[in-house]
Amino acid sequence: MNNFSHLTDTELVELCLVRSGKDERPFAEIFDRYHAFVVRVLYRYFSREQDVEDVAQEVFFKAYRNLEQYEGRSSLKTWLFSIAANTAKNELRKRSRRPAVIDQSLQEMDEFLPGEAESLPQHNIHQRQAFQQAFSQLSTQEQEILLLKDFEELTYEEIASQLNLSVSAAKMRVQRVRLAMKNHYQENAHEQ
């Protein structure tokens, strides 16, 4: 059968492992399912399309090479998110520069930085730098929660399912991360 679209993510991973290098079609289905998602994650770190595509290829290469490490405790999407975020950070470290978060991100941050929206009449380079620095100060798990809720716009129920949490725990984590982001942002904005 050539079409693997009917299989679950777990079934695809198992099929990839069983066929280990003999049949690339199950992994091609994983790629097709999650390429757009990985690209969206990477655009949070890179502004150039070529950088995003290059790093996306590396992300899927790492995922393919390390499929046996996927334990299924989180969703495949969450696992790929972690690989994408870590690969992007490593690439940026190699280049010795900070993440280039798109300008729209600061505007989106206004919505969940309580009290900050009024004090940001104009988004200048210093504010963007403070935002980027604040985001980079969050742990990978905190960044993941923030991206899932405020950029991917998942519901608390979807976040809870992806991270194997209760809905109330997901809500608490989102609120904690938003508060941490706000505090980091305020500290960085005052340093500018």
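Preceding this section is the structure that the text describes.
Residues numbered from 1 in each chain as written. Predicted model: local features only at pLDDT ≥ 70, side-chain atom pairs only at ≥ 80, totals over all residues. Heavy atoms only, no water.

Looking at the overall build of the protein chain
In plain terms, the rule: Strands are runs of DSSP state E lasting at least two residues, helices are runs of H or I lasting at least four, and both sets are numbered from the N terminus onward. Throughout this description, buried means an accessible area under 20% of the type-specific maximum (1.4 Å probe, protein chains only), exposed means over 50%, and partly exposed covers the range between. A contact between two residues is defined here by any heavy atoms of the two lying within 4.5 Å.
Counting secondary structure elements, the protein chain contains nine helices and zero strands. Secondary structure of the protein chain in N-to-C order comes out as α-α-α-α-α-α-α-α-α. A total of 192 residues make up the protein chain; the buried ones form 47% of that total. When contacts within the protein chain are restricted to residue pairs at least 6 apart in sequence, long-range pairs at least 24 apart make up 63% of them.

Description of the packing of helix α2 (residues 25–42) against helix α3 (residues 49–65)
How we decide: Every axis in this analysis is a line fitted to C-alpha atoms, fitted for helices over the stretch in contact. Angles between the N-to-C directions lie between 0 and 180 degrees. Angle categories are assigned with fixed cut-offs, so that under 35 degrees is roughly parallel, over 145 is roughly antiparallel, 65 to 115 is roughly perpendicular, and the rest are oblique. Each crossing gets its hand from how the near helix is turned against the far one by less than a right angle, where anticlockwise is left-handed and clockwise is right-handed. Ten residues, namely Ala, Val, Leu, Ile, Met, Phe, Trp, Tyr, Cys and Pro, are considered nonpolar, four, namely Asp, Glu, Lys and Arg, are considered charged, and the remaining ones, Gly among them, are considered polar.
Direction vectors running N to C along α2 and α3 enclose 135 degrees, while the axes themselves pass 10 Å from each other. Taken together, the axes of α2 and α3 are oblique relative to one another. The two elements α2 and α3 meet at a crossing, and its hand is right-handed. From α2, Phe27, Ile30, Phe31, Tyr34, His35, Val38, Val39 and Leu42 reach across to α3, where they touch Val52, Glu53, Val55, Ala56, Gln57, Val59, Phe60, Ala63 and Tyr64. Across the contact of α2 with α3, the residue classes tally to 14 nonpolar, two polar and one charged.

As for α2
Short version of the rule: Expected span of a helix: the number of residues minus one, times 1.5 Å. Each residue is assigned a bend, namely the angle between axes fitted to the seven residues that terminate at it and the seven residues that start at it.
Across its 18 residues, α2 extends 24 Å between first and last C-alpha, which sits within 8% of the 26 Å expected from 1.5 Å per residue. When the local axis directions of α2 are compared, the greatest deviation, roughly 50 degrees, occurs at Tyr34. Summarising the contacts, the buried residues of α2 are in contact with α1 (9–19), α3 and α4 (76–95).

Some points on the packing of aromatic side chains
Convention followed: Here a Phe, Tyr or Trp ring, Trp counted by its six-membered ring, pairs with any other such ring whose centre lies within 6.5 Å, and the pair is stacked when the planes are under 30 degrees apart, edge-to-face when over 60, and tilted otherwise.
Taken as a whole and assessed by the stated rule, the structure comprises five aromatic pairs. Summarising the aromatic geometry, the rings of Phe27 and Tyr64 are spaced 5.0 Å apart at their centres and angled 70 degrees between planes, so their arrangement reads as edge-to-face. Of the two residues, Phe27 sits in helix α2 while Tyr64 sits in helix α3, which places them 37 residues apart along the sequence. Classification of Phe27 by relative accessible area gives buried; the value is 10%. Here the aromatic cluster, defined as three or more aromatic residues joined through ring pairs, consists of Phe27, Phe31, Phe60 and Tyr64.

Some words on helix α8 (residues 156–163)
Operational definition: Working note: the arc is built from the helix axis to C-beta atom directions.
Considered for burial, the residues of α8 that qualify are Tyr156, Ile159, Ala160, Gln162 and Leu163. Taken end-on, α8 shows its buried residues confined to a sector of 165 degrees, consistent with a single buried face. Remark: Asn164 follows α8 within two positions and exhibits a positive phi of approximately 55 degrees.

Let's talk about the pattern of salt bridges
Definition in use: Each salt bridge in this description consists of a side-chain nitrogen of Lys or Arg and a carboxyl oxygen of Asp or Glu lying within 4 Å of one another.
One pass over the structure, following the stated rule, counts five salt bridges. Between Arg33 and Asp9 there is a salt bridge, with the nearest N and O atoms lying 2.7 Å from each other. Of this pair, Arg33 sits in helix α2 while Asp9 sits in helix α1, placing them 24 residues apart in sequence. Its relative accessible area of 27% is what places Arg33 among the partly exposed residues. Notably, a salt bridge pairs Lys62 with Glu58, separated by 3.5 Å at the nearest N-O pair. Taken together, the residues Lys62 and Glu58, both in helix α3 and four residues apart, mark about one turn of the helix. Residues joined in a network through salt bridges with shared partners are Asp9, Glu29 and Arg33.

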